[in-house]
Structures are given as structure tokens and as C-alpha cells.
Amino acid sequence: MDANMGSNPLVFYVNGRKIIERLVQPDTTLIYYLRNILRLTGTKLGCGEGGCGACTVMVSRYDPTKQRVVHHSAVSCLLPLCYVHGMHVTTVEGIGSIKNGVHPVQANIANAHGSQCGFCTPGIVMSMYTLIRNNPHPSTEEIENAFEGNLCRCTGYRAILEGFNKFSKEWVTVNGKQKGCGMGENCCMVNNGKGENNGMMNGNQADDNGNMSLENGEGTSNGVQPTQDVIFPPELLKWSKMPNKTFTMRGDRVTWIRPATLDELLSLKKEYPHAKIVNGNTEVGVEMKFKNMHYPVLISPTHIDEMIRMNYDEDGFHVGGAVTLADIDRNLNDFIKTKTSNHETKIAKSITEMLRWFAGHQVRNVATLGGNIATASPISDLIPILMAAGATLTLESSSGKLRVVKLDPEFFKGYRRTVIRPDELITVIHIPHTKPNEYFKAFKQSRRRDDDIAIVNVAMRLRLDDNCCIDDICMAFGGMAATPVVSLKTVAYLKGRVWDASILTDVNEYLKEDLLVAPDAPGGQAEYRTALALSFFFKFYMLVTAELKTTDSNDDVDNRDVCVPFHRGESKALQTFEEVGPGQPKHDAVGRPMMHYSALEHSTGSAVYCDDIPPLAGELFMGLVYSSKAHAKIRSVDPSKALELDGVRMYVGADDVPGENQTGVKEDETIFATDKVTCVGHLIGAVLAVDRSVAQRAAKLVHVEYEELKSIITIEDAIANKSYVGDVTTIEKGNVQEELKGADHVLEGEIRIGGQEHFYLETCCAIAIPTGEKGEMEIISSTQNASLTQDLAAKALGVSLNKIVCKEKRIGGGFGGKESRSIICSSSAAVCAYKAGRSVRCVLDRDEDMLMTGGRHPLLCRYKIGFTNSGRIVAIDADMYANAGNSEDISAGVIGRALFSFDNCYLIPNIRITGYMCLTNLSSNTAFRGFGGPQGMFFCETLLSNISQHLGKAEQKVREMNMYSPSDMSHYNCPMHGFETLLRCWDECIQRSEIPTREKAINQFNRDNRWKKRGLAIIPTKYGIAFTTLFLNQGGALVHVYNDGSVLVTHGGIEMGQGLHTKMIQVASRALGIPTELIHITETRSDTVPNASPTAASAGADINGNAVKLACEKILNQLKSVIDANPGGKWVDWISTAYHARIGLSACGFYKTPIDGYDFKTKTGNKFLYFCYGVCCSEVEIDCLTGDHQVLRTDIVMDTGRSLNPSIDIGQIEGAFVQGAGLFTIEEKRFSPDGVNYTIGPGAYKLPAFTDIPIEFNVHILKDNPNEGNIYSSKAVGEPPLFLASSIFFAIKNAITAARVEVGETGVFKFDSPATSENIRMACADHITKQIPVAEPGSFRPWEVKV
């Protein structure tokens, strides 16, 4: 077979449309073709590595092994276009549209308020659609599991699940009564829709029958109408039943071959021994994109009968090398169901249990077991199972010789190297059944349960003789070395021993000898990984012992809880809010739970984001050249090789900037680096090309020569080198030192909270379009800050602001990350467009975005606190250090917010607190939801927790005794007016959470269980609303009324998922007295509302809402004479009369927040307009042996004033809480000592997934609490709820405390945020952790450092 032969036409269908391609490049991904060729932009590019699910589509094909059409979800960012030859692809546009009718899946997620920014929504819709195409009435558990490969950063997931649960078999009527959700009789959908939320269901009005309707009239459906679904093309069905034919597609760089027979495949492997065998491209695709690997020949075995079949006999399972993991899972589950004898199914059960946590459905649907083995990853979830099971591989080559090799340590020759010869293939994997008296179990611990790679995994097989002696044992580990390993010395020690508690005495010493991880080992976490290995053996011992049902006097019965795995029960949720009064006019939308204005656009994929805009003729694409060093002089930059690539037009660098190259909020950054780089990811230049992939490939060819300089990476480095930026700020009150001397108790120490990645689903993006006249340019940018984008682009181009227009329709999430860091794209694109004289587009890949744009500031607090015997705080002396990164950016605001928020809800009579901004060689950290508030409040709550532990007093009582009273003054002399609201929230949360009853149950659970512990914590929050920079507290709006009565509202705020446009429409509805159907918002533009403040600080609805209201009132004033002349007239009549009377129908509104700012010198002033309050109670359960945890229940009571839109506000509360849960638990940015960010994609950086939310998740908006000083008595909601998620952290800490008490460890212990599985496990001091050797700091170079 000659791979250079002519190509076959590529034939496939998309949404029922036949596609024939003859000239496509074989390395083209499906998403590229969908978005750029077919212009089906509903499919979103979120990460490029198959980890977020935004690009999910459904692929349908005829499966000859099943003899039917099968549908599976797939990630189109990795799937090669050539893969879908002969298949049908369905995108979100193909299942429904606003124009032709939405599909029930699309309607239900919109109706349930399950979208916010909407960028992830099409992918989530397609995961659900694929599920119901295969199973029209799945269980709620199947629905929840369907989203293992999907992420959402906005919603908190609850609303999505609730919307889709209406498809579940549990939801359907039983004996004529609707079951509803997991809340049972309390479900708002039963009893004619009259649940606790005052007759409102998921935020939409219920009719008398309890049925729901969309605001715009489209109905929702609990069932699926098959007539809406695109049928599998008959041509493909006919074609698929014909003899299989070889398919070849030849390109400029890559040739794709899909052979028809095994002989042909083996011949190809002989001819091209270094060709990559690809199925779903889940490994090779990542290598090609992120590791710059190039494979000229790709061979796909997806249609070779011998490779895609799986069967079993009395000896075991025979799995073809190209059988997908999803098919293996289905076949093994079918096998388990047919077997009555338990012993045969133990390996099968271990594999299916492990596959539950292996990637997401989209990956499992195309990834293969053969590929997993050949990749030889040291952290493979499946290889240890196969090794322990004694699996063998059949290797074949074109020579005709079969080679059967055992999957054992000899199979691996080094990191990702095996004994497989270049001309050989894995054609069959043989997995034996377990035998009588054999016990088998696999374990895995990762940072997140769903869709995450292992930190450590292990499989253990044990065979006992009739005397309960160990006849055979095998333990295979992953994550302990460069290859999977077998603990040979431990096995030798155990063989022949009696299986009883005596083996536990010495086994750990042998395990450590086999498996001890060096302190400088790649991957870090050396002590934790060793502890996991030992803990897993202990778990295995207890599981086997429980199965044997033996009663050994040496066995501690309390250990048996290790046998009970975490199980997430049916999700439950309750949301309550205040219903609008009966006297409110129907056209008045304020206070009503109106659906997000763009919800249906989100769910149908028709919502337009920056990169969805079609390229203009001649548009060029940027490939970014950025630093690989943290701190270095640039000796030279050579783009010559890049410029040789076909399609490359030019290189742009600092010398090409026509205006100022200095940029940034404080003008202490560069658009393009000149003589020095100050972080990994520092932008040096850009390559412009006709295609994005060409530009990116060319950028990697630019050669930069460096002279490295000493770098400062950590806060401790900065302190040692006095490397600070900006002013050092102190807030001081009272006589701190004297009061500390007189305190009954004094504690001092350090507290640390790590950073956080924004991970908005839409990465930073900008399109710069020069108009050709007088230096004018239009910039379309995914930004929260149109004014800053405009300002810095104008400076870069050397023109005045009136020549630059910045606009955006919506952005796909921001969370503060696009308040200032989006300028990396916009300013560089503007310079490139100026030089090129044409439109230029800059879109950051996920890894680039995470590398370059910074995140939440890590903070270190060094403190001394004095308190009384009763637990009342006397004085605090503290220094806070923020890792600002390589520029000041808006770090002053962050550290300022941390200083002002340090008190949280507590009176600190004597305090001195100082904030430092550390200048380091990391990408500049920036705004993030809450600014520095969560960090400051976390320090305070930790101190209260430490007081509680030190005195042995209940945390709740310590918090209550230190709370403000409404007559108190804050530590910066602000009166606590309105603090009664916090006390109301506190009392209501205690009552709704049933704390006394549950604390008794927790105490009993902890007495009954040694290795599982539960904890509960109740945490308040007080969040001041206003920009800490005074001049930003202003907003503008422009309202037009057209002569047909329709209204166009423009304001300075940016829609990024928080429902700002929806709320502004509601404000205009009340202000003008008209229904929302007459009001529209199109986009935000700097030429309609100038000098707009960033959409940040939770102030968007406040400042812009007031501006919209003022503009509307001006219009009504202009209409006064018309209305007075016809008071009974209709709006349309008034407008027509006014138009013909030449009365102006447009008005501007301008609002400034009525505060005067804070003066640090006089310690006076009004820093905030008002405070938002909230209280949260969370209960968790931890596994003391692994550090795993799950949140059992969360109850939130939140103060939103009189909500403008309760459904949007509840969504914001839930989304902020889950984002905060990530901050305080699983999200961890990891850096090398050289400043390299290890966590630059969803594979390495884990944010909460669907199953990480509380099993029971209740949100209550405090009723009857108007905020009279703000727009229609409302309050802000975006940031204040985030800190409530620290209740999970402190509940975990309390559970750890319960574990430590078991071994006599009492008092204060250091426990920093985030509460990762590593931190939890190592804090649960026990006989295992005490056996782990700890290397002396300074005796080795660590793999990672805490920044």
C-alpha cells in the first residue's frame, strides 16, 4: 500500500447535508471544518484537548458488530475530520433553531435557567441530546453521568441538571401523580406547582396545571419528539452494508489511511513503522497540538472487523485492539449481569468501576484499550488493572508471526516505551477471569473524581488457599514512577503469610522500599503519593477481610468503614424567593424570574461570540511568540524560518508599534517585549498568516535567544529580595501591641491561600479592523472593559480615543479575568492590523490564555492574634502579601479589598493590618470574582477557627460572640448600618439547616467510623459594594425609542453571563411602563456610551441600571405633554404622536454612585454604598485514607435586597458558590521553581464538575429586605456569594479535626487553602502518615513551589 497514492473523496453528512471533500488536509480537526468551512459556529472551541466538552457533537454510524446505527458524543476539537468518513455528524444547529423550532433539550435548559454566559451550553445540549437519542427516558443518575466530559464555569450546574431531569424515567407520572425531583413532596413541580417558592417553578410561572412555559411562548417538553431528529442518511446506511473499502486522504504534511483489512493494516505498519495508529485521536491529537509532534502518516483501524470485536469464553475476555472503552464498558456490564457467580466478575467490575472515572463519555466513545496500553502512560487507569489481572497482549506484524506478551514490568522499557516493535500492533488483549478464592480491587485517587487523571492508582489481586494463606498476590501501581510498577519485594514478603492483621505490622516498610517517591520526582507530592500507596493496601486488606467475613480478634471493627465507597445519591435542591406582589402590573418585569434574554440563542448555538464573527476578506490570523523563560534578556529574535512557511505574511514585534509600546493599567507592561522578558508567557511578537493553524505553526518556528537572569517566583522570594510594587497600605485602629501583651492567649503563624485560574470557557479574543480613514480602527474584543481596550489601543497606535471604537455583543465568561488582561489580545491585534493594513484576529488557545493572563492572587498572611479565655478577639497584627506577578495591573485594588474585607462580620477592636504587593516573575495576576475579598475573609475565618481549636470551644459560638452589632464601627471606621440583615440571614440559615440535629448525627457518625469523617461549618459574609477606585463608580446609558414604539437600550455594561442585559430590559420595562417584548439590547459600544467603567465589582446592575432608569425618565418627561393630552392612550400611540410632533425620542442617562471614597490619612469616608450579606452551612464527608471528599448538603441564605430577577440571582449565587468551592478545594495552580506554569489546560487544572456540587443544594433569597438606596431596592449579587463556599473548607477542617482526635492530636494545626486531597490526607495524621519520611528542605530541588 502506497500512502502517496491519490486521495479518495471524503464523504460524510452534517445535519442531514451531504459533504464531499477532495482537498482537505488530513490533520484538519472536525471543529475547524465545522466552524471555518461550514460556518456552524454553535460548536465552541473551549480547550483544544477534549477536556471541557464545549465542542461536543453527536457522531452517528452503522456499527456492523451491533448491526444497527449507533450514536455517540465526541469532542470535535480532537476528532480528525477524516474519522467521520461515512458517518453523520449532528451539531447543535441540527437539532433545533429559534427560526424553525427548538428541540425539547434546548427548550428545557433555557427554561430552567441553565445557561449564563452560554459558551458551554451547545456542548452540554449535545451531550444530553446524544443520551436521549440512545435512551429516551434515562435515569437521573444516567443524566448526571452524561456530563462527565462537560464543564461549566458560570451556573453551578444545578439548574442544568434540573432542566434535563424532566427527561428522566423518575420524572414521569407514576399512578397519575408526578414524582418531580429528588426533593420528593417538597418539589415545586408537584401539587400543581405550588412548592415553597411561592408558586414559581424554576423561576418561570406555572399555570393551574403545574405546566411550565417559556417567557417568549415556546413550550417545553418532558418527552422527545422523534420527528424533530435528523434521520441517519439512507445513503450511508446502504453504503455501510457494502464491502469495506480502504480510504486514503493525502495532504501537504500528513496522509490519513483507513485500511479495510487486518492484513492491509499490518502491511502499512511495516511500510510506515513510525506511523501513528489513531482511533479517536485523543492522545495523538494532544501531542500534535501541544507538544509540537509531527506524524506524516496516520493510520486508523476503526473499520477492521478483527480489531473492533470483543467476546469472552471460559478463559476470559478477548478485546480487539480498537474496541472503544465505551464498548468495553457496555460489554462488561452485560457480562456482569449474566453471571450468578461473584468470583468471575471481580476484574470486570474493577474495570467498569475505573471506567466510570476515566475521562468523559466523549473520549471513552472513541478512545481504545489498545491505544491506552500502547501509550504506556505511567498514570494509566487501566494498565495496573491489566497487570494485576495477568493480562496478555497478542502482537501481530506483516511477517505473519504472532507474539503473545504478558503485561508485566518487563513490558515497559522506560517512560512511555514498551517492547512493542515498530512494525507490530496490539490486535487482541486477553483478560482472564478471576478464579475462586481470588480477590481483586482497583483504586484511584485524583484531584477530581470525574474526568481526571490519577495521582496514584493501583490494582491488587489476591489468591488465598484453604487455610487463608496467601497463595498468590500481585499489586500494580501507577503514578509512582516513570512506568507502572509491581511491588515485588512486598509480594515476596506476603506470599505464604496468613491473611490476618499481623501482615499490617511490617508490610508498609516493604511497600516503601518498593514504591518510595523521591522528593524531587516529577509530579511532586512525594509524601502524599507514598501515603496513598500504603493507604490503598490498607483499604484492600479491609475489603478482603470483610468479604471473608472473618472475625479476627486483632481486627478493629471500626476499620470496616473503609469498605464503603463514596456514593452520590440523587441530587436534591430547593430554591426560594419572594414573589412579586399581586398589585404589580403584568407589564412590569422587575422582580419577576424572567428567563435570560439570550437563553434560547445559547441553547441553539445561535448566540454570537467574538470568534464566531465571519472573517473579513483578506483577514490575517495571529500566531503568538512568547517567552519560555521567567526572567531573561532577549539576545535576538529570528523569525526567518517562520516567514518561509507558505501562507505567512509577516512578523510583528516591538519595533512595529506606531505609538506607545508601554501598556497596562499602570503602564508598566509592554505590548511586545523589547530587551527583556519578565515571565513565562511574556509576549514577544506575532506571526501573521492567512490561516490560524499556519500562524500558530509558524510562531513556534521563531527562534529567540535568551540570557537568563535571576528570577523571583514565590512570595517568600519577594520578601527576601524586598521586591514590591506600588504603595504599602496599612489600616490601623486601637492600641494593638499593648492589647496583645494583655491578652489571655496569643497565637501567631502563617496562613496561605492559593491562586485560581479564571477558566472562562471563551478564551481571550480580539478582532482589529482598520477602516482606512484618519487612523480609525474598530476593535471587537472579548473584554469586560471596553474603555481600557479603547484607551490602550489608541495609545499603541498613537491616535486619539475618538478614532477607536471598541464593541462586544457578549463574552463567554469573564470573572474579572477580562477586566484588564484582555488587552494582551486587543492591543497587539491593533498594532498588527495597523502594520498589515487589514483585519487581524487574535484568539488565544486555552494553554496560551492560562499561561499569559494570570489569575487570582495567591496571598500569604503572617499574623499575631490575641483573644480572651472566652474566645473574644482582643487584637490582631497581620501582614498580607499578594503575589502580583510581573506588573502591578490592578493589584492595588485587590490588596485594598483584602484589607477592607479582613474583618468579614466580626468586631476587631484593635488591629494593624498591612498589605504588600509582591513583584515576581509570573504572569501578572489580576481581578477575579471577589477581588481580594475572599482572601482577606478567609484569613479572618481561619483565625476564628484556630481560636476555637485552641480553646476547645464550638466554632459557631466563637463566631457569634465576635460578630458586629448594628451600632459598631468597622476596623476602618465605617458604621455597620444594616447589619441586622446579616443576623437575620444567620438565624434563618441555622433554622433551615437544622444544625443542632445534624451536629448530633455527625458526632454519632464520627464515633461509628474511623476512616470516614464528617464535618459541618456555618460561615457568614459581608461584602461591600462599590469600586474601590472612586472614579469608576459611574455609569452611562443611551435609550432610543423608534416610531413603532420599540425601544433600543444601550448601556456601558457588558453581558458576560450574569444576565445584565436581561436586568436592564426589566429596569427599562418598569421605568417606561411597557412590556419587555418592546425592548431590545444589541451590543455594548464605546461610541454610544463613552468612558464606561469596567463591568466588575458586582456593580454592573447598580450603575448601569440607574443610568438606564434616568434615561427612561428623561424620555417620559419629554413625552409628558403627549401623555397628558391622551392619558388613556397606548404606548405606541404616544410614540407616534410624539414623533409627528417632532419631540425627541432619545435620551442619555448618567449616574454616579453617591459615595465620597475613603481617606487613609484621616481614616474617614464612605468606601461602599452598602453591604451584601449571606450565610451558608455546608456538611462534608472525607475519606481519611485518600483525602477525597464530597459535599453532602449546602444551605445558603442570601441577601439580594428586592431582587431584580430572582432566577438570575439564584443562578449567580449557585455559580459563585461552586466557583468558590473550586477555590477552596480542588483548584490548584502549580509552578516549577523556574516559574513554569504546569497547569495550563483542563487536563492538569481541575475545576468543579457536575458531580462536585452538593448532593443537596438549597438556596434561599432573604425575603422582605428592600435596599432602598439602590435601583428598585435591589442589591448586587455577582461576587458576594463566592466566599460562602469556604463553609466547605471549614467543614473539611472540622472533619479532619475529628480524625486527628482519634490519634490524640488536638489543638491548632496548619491547614491552608485549597483543601486538596493531598492536604486533607496529610492533615489526617495517623499510623500511615507518621511512617512517611519527609525530606529536609534545601536538600533537594523541588519539582514545584508554592507561589
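These notes cover the structure that comes with them. Not measured: the values here are computed from a predicted model.

A few words on the packing of helix α27 (residues 933–951) against helix α28 (residues 955–962). Running from N to C, α27 and α28 point in directions that differ by 120°, and their axes come no closer than 9 Å. Our classification of the angle between α27 and α28 gives oblique. In this structure, the crossing between α27 and α28 has a hand that is right-handed. On α28, the residues that touch Glu941, Leu944, Ser945, Ile947 and Ser948 of α27 are Glu955, Val958, Arg959 and Asn962. Split by residue class, the contact of α27 with α28 holds 3 nonpolar, 3 polar and 3 charged.

Our focus in this paragraph is helix α35 (residues 1206–1224). Taking 1.5 Å as the rise per residue, α35 with 19 residues should run 27 Å; its terminal C-alpha atoms sit 26 Å apart, in good agreement. Where burial is concerned, most of α35 is hidden: 19 out of the 19 residues are buried.

The next subject is the nonpolar core. Formed by 237 residues in total, the largest nonpolar core has its most connected members in Phe164, Phe477, Trp499, Phe672 and Met880. It is helix α17 (residues 526–548) that provides the largest number of residues to this core, a total of 14 residues. Counting residues in hydrophobic clusters, the runner-up holds 49 residues, among them Leu325, Ala376, Phe411 and Phe440.

Here the focus is the packing of α27 against helix α36 (residues 1286–1302). Interaxial distance between α27 and α36 falls to 11 Å at its minimum, and their mutual angle equals 25°. Relative to α36, the element α27 is oriented roughly parallel. Between α27 and α36 lies a crossing whose hand is right-handed. Where α27 approaches α36, its residues Phe938, Glu941, Thr942, Ser945, Asn946 and Gln949 are matched on the opposing element by Phe1289, Phe1290, Lys1293 and Thr1297. Considering only residue class, the contact of α27 with α36 consists of 3 nonpolar, 5 polar and 2 charged.

Further remarks concern the sheet that holds strand β16 (residues 392–396). Read across the open sheet, the 5 strands follow the order β14-β15-β20-β16-β17; overall the sheet is antiparallel. Lying at the two open borders of the sheet, with one neighbouring strand each, are β14 (310–313) and β17 (402–406). Within this sheet the neighbouring strands show an average axis-to-axis angle of 20°, counted without direction. This element, helix α8 (residues 262–271), spans β16 and β20 (425–432) of the sheet and lies at about 120° to β20.

Reading the values: rules and limits
- Residues numbered from 1 in each chain as written.
- Predicted model: local features only at pLDDT ≥ 70, side-chain atom pairs only at ≥ 80, totals over all residues.
- Heavy atoms only, no water.
- Axes fitted to C-alpha atoms, helices over the stretch in contact; angles between N-to-C directions.
- Helix = DSSP H or I, 4+ residues; strand = E, 2+ residues; numbered from the N terminus.
- Parallel < 35°, antiparallel > 145°, perpendicular 65-115°, else oblique.
- Left-handed = near helix turned anticlockwise from the far one by under 90°.
- Contact = heavy atoms within 4.5 Å.
- Nonpolar A, V, L, I, M, F, W, Y, C, P; charged D, E, K, R; others polar.
- Expected span 1.5 Å × (residues − 1).
- Buried < 20%, exposed > 50% of the residue type's maximum accessible area, 1.4 Å probe, protein only.
- Core = buried A, V, L, I, M, F, W, Y, C linked by side-chain atoms within 4.5 Å.
- Pairing = 2+ DSSP bridges.

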